[in-house]
Amino acid sequence: MHGLMQERALALPLVLRRVERYFGHKRVVTRRAADDETVATWAEVCERTRRLAAVLDHLQVPDQARVGTFAWNSQRHVELYLAVPCAGRILHTVNHRLYREQIGYILEDAADDVIFIDRSLLPVVWPVISGYAGMRYAIVMDDGADAPIPDDPRILDYETLLAEVTPLDREFSIPDENTAAALCYTSGTTGNPKGVLYSHRSVVLHAVLLLAVDSFGINERDVIMPVVPMFHVNAWGLPYAAILSGADLVLPGPMTDPAGLISLMERYRVTFSGAVATVWRGMRPYLTQHDLSSVRMIISGGGAVDDALSRAYQEAIGLPLTNAWGMTETSPVVTTSRLATVHDDLDPDTKRAVIGSPGPAIPLTEVRLVGDDGKEVPWDGTTPGELQAMGPTIAARYFGETEPGPAFTEDGWLRTGDVATIDPHGYVRIVDRTKDLVKSGGEWISSVELENAIMADARVAEAAVIGVPDERWGERPVAYVVPKDGAELDADDVRKHLEGHVARWWIPEQVVFVSEIPKTATGKFSKRQLRQLHEH
Ligand code: ADP
């Protein structure tokens, strides 16, 4: 027997209507330049959202077509976050920092129909995307940069388009909550990036979960500053949570300099912010020069929390860093830490370490550990296993796949490629990674791709790349290189060869020449042995 409750779709129009009705007076702030911000009300943003939806109709963007964005954290990007999915199209946020071939691949794979671009990104993005034949229009959002606008008939201006239409007069309706809402690509260890296709249901549920007091507790009194980019897993879902709760949103725009960010936090009395550890490390020297008494929670996610950094925050502003664990495939938040009753008697240092660990799974999501033998590992806090995750905000397969691939288990769990322990209270700790990737400043470097690029040099016999801890970036790649017999090669030669073959920030500072790369029994590079070699 079915229950007899209303089957109301969990879809983004509900979220839009709520902010419009209840929180029209609340604010969205976007930084344009040093001490220069634009401030709009949610009522204004919603009115512009309805205009933007009309623009999509006017440009004849088909239902469920992908709408690409190359944009910073800004009010206009928020308008796209709302208008595109509410109007039945799919928001495809693209990371402009990816290497040009990856961007080209992503656009083709997603088959983006129209693309929105911040003017300041044109010099980087236009040379990469102008040859993409599927793009009918490129809509430029003038963010005050003086970057020249290319002379191309496909280019249109965002504000002109918005001014020319009347706001959509029909109400948004997404009757099926499983309709796709947004698409975001994640870099795989090998091969091409893979698309994660979020549904209205998963986006709404994820936003609701971030409002839970035992997760981030986002609420109307918050002033939320997502520093994590809006092209990266929907800025961890923070904009949608802000919209749903009626919080103010403070967006750093194109500038992410630590001094500017901290001044923004102080002036707008930010209560909650999320960023990778590199950002918090950059802000540390400025902490005592600013009044950050408004801040109630700082999320340092996407990687481990460095306890020394967390202690510095605790001493300077009375607040340690809170960790959260997630992936593009998981919307992303699966775990975040908090002190529960079982931690009441711990000393302050141990409490800080608990808050700085990934913590327990948030409601509705589940995690488990699986050992090499395929059996579940007990939650004893010491036995490691592969972390697997399951829930309504977690991907079932990648975009374009007809069947779930190797990243998913037969019983439907996501294999995360992270190795973890879980304590008896469910608190997760990440201890290793099985995927061959280096995470630098919150962004991925594929070890395998970097190795292949190095080995494409005729003077190189073999090359293997490992990630090593780095004070500033979290991790940096180190290349181990075996030159061919008789070849003359130094570290600068290797770096010079990589220029133009990989993104600049992928190029390793450290290149170590060896006579042989250690191998596993099956003849593959043994990254474990290489890591041991590096430590000694
Ligand atoms: P995000 O950077 O938002 O977490 P990605 O999909 O780019 O999303 O990266 C996910 C991966 O980042 C995880 O599988 C894990 O390897 C690493 N990661 C994320 N959060 C943490 C964390 N709290 N501690 C350690 N590693 C983490």
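Before any of the text, the structure's been laid out above.
The rules we used
- Residues numbered from 1 in each chain as written.
- Predicted model: local features only at pLDDT ≥ 70, side-chain atom pairs only at ≥ 80, totals over all residues.
- Heavy atoms only, no water.
- Helix = DSSP H or I, 4+ residues; strand = E, 2+ residues; numbered from the N terminus.
- Rg over C-alpha atoms; globule rule 2.2 N^0.38 Å.
- Buried < 20%, exposed > 50% of the residue type's maximum accessible area, 1.4 Å probe, protein only.
- Contact = heavy atoms within 4.5 Å.
- Areas by Shrake-Rupley, 256 points an atom, 1.4 Å probe, with all protein chains shown as cover.
- Lys, Arg positive; Asp, Glu negative; His and termini not counted.
- Charge placed at Lys NZ, Arg CZ, Asp CG, Glu CD.
- Near = heavy atom within 4 Å.
- Polar contact = N/O pair within 3.5 Å; in protein donor to acceptor, adjacent residues only side chain to side chain.
- Nonpolar A, V, L, I, M, F, W, Y, C, P; charged D, E, K, R; others polar.
- Disulfide = S-S within 2.5 Å.
- Pairing = 2+ DSSP bridges.
- Axes fitted to C-alpha atoms, helices over the stretch in contact; angles between N-to-C directions.
- Right-handed = clockwise from strand over helix to strand, strands pointing away.
- Core = buried A, V, L, I, M, F, W, Y, C linked by side-chain atoms within 4.5 Å.
- Arc of directions from axis to C-beta.

**Concerning the overall build of the protein chain**
Item 1. Check the secondary structure of the protein chain and you find 16 helices and 24 strands.
Item 2. In terms of overall dimensions, the protein chain is globule-like: its C-alpha atoms have a radius of gyration of 23 Å, near the 24 Å expected for 536 residues.
Item 3. When the 536 residues of the protein chain are sorted by exposure, 56% land in the buried category.
Item 4. For the protein chain, the proportion of contacts with a sequence separation of at least 24, taken over those separated by at least 6, is 66%.
Item 5. Roughly 23,100 Å² of accessible area belongs to the protein chain as shown, and the carbon and sulfur atoms make up 51% of that amount.
Item 6. Averaging the positions of the 52 positive and the 74 negative side-chain charges in the protein chain gives two centres separated by 2 Å.

**Notes on the site of the ligand**
Item 1. Ala324, Thr328, Asp418, Lys435 and Lys439 are the nearest of the 18 residues found near the ligand.
Item 2. Between the ligand and Asp418, the relevant distance is 2.6 Å, taken from an oxygen atom to a side-chain nitrogen or oxygen of the residue.
Item 3. Contacts to the ligand include Lys439, whose side-chain N or O atom sits 2.7 Å from an oxygen atom.
Item 4. For the ligand, whose unbound accessible area comes to 550 Å², protein coverage reaches 96%.
Item 5. Mapped onto the shell around the ligand, the elements with two or more residues apiece are α8 (233-236), β14 (322-326) and β19 (428-433).
Item 6. Residues belonging to the shell around the ligand are distributed by class as follows: eight nonpolar, six polar and four charged.

**Let's talk about the state of the cysteines**
Item 1. Going through the model one piece at a time under the given rule, you end up with zero disulfides.
Item 2. Its sulfur unpaired, Cys184 is 18 Å from the next cysteine sulfur, which belongs to Cys86.
Item 3. Owing to a relative accessible area of 3%, Cys184 belongs among the buried residues under this scheme.

**Concerning the sheet that holds strand β15 (residues 333-336)**
Item 1. Strand order in this open sheet of eight strands is β2-β1-β11-β10-β12-β13-β14-β15, and the pairing throughout is mixed. The open sheet has two free edges, formed respectively by β2 (36-41) and β15, since each of these has just one partner strand. When the angles between neighbouring strand axes are averaged without regard to direction, this sheet yields 25 degrees.
Item 2. As defined by bridge partners, strand β12 (residues 272-275) adjoins strand β13 (residues 297-301) across four bridges and the pair is classed as parallel. Residue pairing in the sheet places Ser273 in a bridge with Ile298 of β13.

**So, the environment of Leu197**
Item 1. Here Leu197 is to be found in strand β9 (residues 194-199).
Item 2. Separated by 20 residues in sequence, Leu197 and Glu177 have C-alpha atoms that sit 13 Å apart.
Item 3. Those residues in contact with Leu197 that sit more than four places away from it in its chain are Ile90, Ala180, Ala182, Leu183 and Phe399.

**Considering the sheet that holds strand β24 (residues 510-513)**
Item 1. Taken in spatial order, the three strands line up as β22-β23-β24 in an open sheet, and their pairing is mixed. Where the open sheet ends on each side, the last strands, each with one partner, are β22 (460-470) and β24. Ignoring which end each strand starts from, the neighbouring axes of this sheet average 25 degrees apart.
Item 2. Pairing geometry for strand β23 (residues 474-483) and β24, over four bridges, is parallel. Within β24, the position partnered with Tyr480 by the bridge is Val512.
Item 3. Most of the contacts of helix α14 (residues 447-455) go to β22, to which it runs at about 145 degrees, and overall it touches β22 and β23.
Item 4. Across the sheet, helix α16 (residues 527-535) is in contact with β22, β23 and β24; its angle to β22 comes to roughly 65 degrees.

**Notes on the pairing of strand β3 (residues 66-70)**
Item 1. Summarising burial for β3: five of the five residues are buried, a large majority.
Item 2. Burial of the side chains of β3 extends over both faces: Arg66, Gly68 and Phe70 are buried on one face and Val67 and Thr69 on the other.
Item 3. Where β3 meets strand β4 (residues 90-93), four bridges bridge the pair, whose relative direction is parallel. Residue pairing in the sheet places Gly68 in a bridge with His92 of β4.
Item 4. Of the crossover connections in this fold, the one passing from β3 over helix α3 (residues 75-86) to the parallel β4 is right-handed.
Item 5. Across four bridges, β3 lies against strand β5 (residues 114-118) in parallel orientation. Looking at β5, one finds that Phe70 is bridged to Ile117.

**Observations regarding the nonpolar core**
Item 1. One finds Phe116, Phe216 and Leu238 to be the most contacted residues of the largest nonpolar core, which totals 90 residues.
Item 2. At eight residues, helix α2 (residues 42-58) tops the list of elements feeding residues into this core.
Item 3. Sequence-distant contacts of Phe116, that is, excluding residues within four places in its chain, are made with Leu52, Leu56, Val67, Gly68, Thr69, Phe70, Leu80, Ile139, Met141 and Tyr158.

**Observations regarding the pairing of strand β1 (residues 27-33)**
Item 1. Strand direction decides the pairing type here: β1 and β2, joined by six bridges, are antiparallel. Within β2, the position partnered with Arg31 by the bridge is Glu37.
Item 2. If you look at the hairpin formed by β1 and β2, you'll find two residues sitting between the two strands, and Asp35 has a positive phi there, around 50 degrees.

**Here's the deal with helix α15 (residues 491-498)**
Item 1. Listed in full, the buried residues belonging to α15 are Ala491, Val494, His497 and Leu498. Here the buried residues of α15 occupy an arc of 130 degrees about the axis, which is enough to place them on one side.
Item 2. Against α14 and β24 lie the buried residues of α15.
Item 3. Where α15 starts, the residue carrying a side-chain oxygen 3.2 Å from the main-chain nitrogen of Asp492 turns out to be Asp490.
Item 4. At the exit of α15 stands Gly500, carrying a positive phi of roughly 90 degrees.

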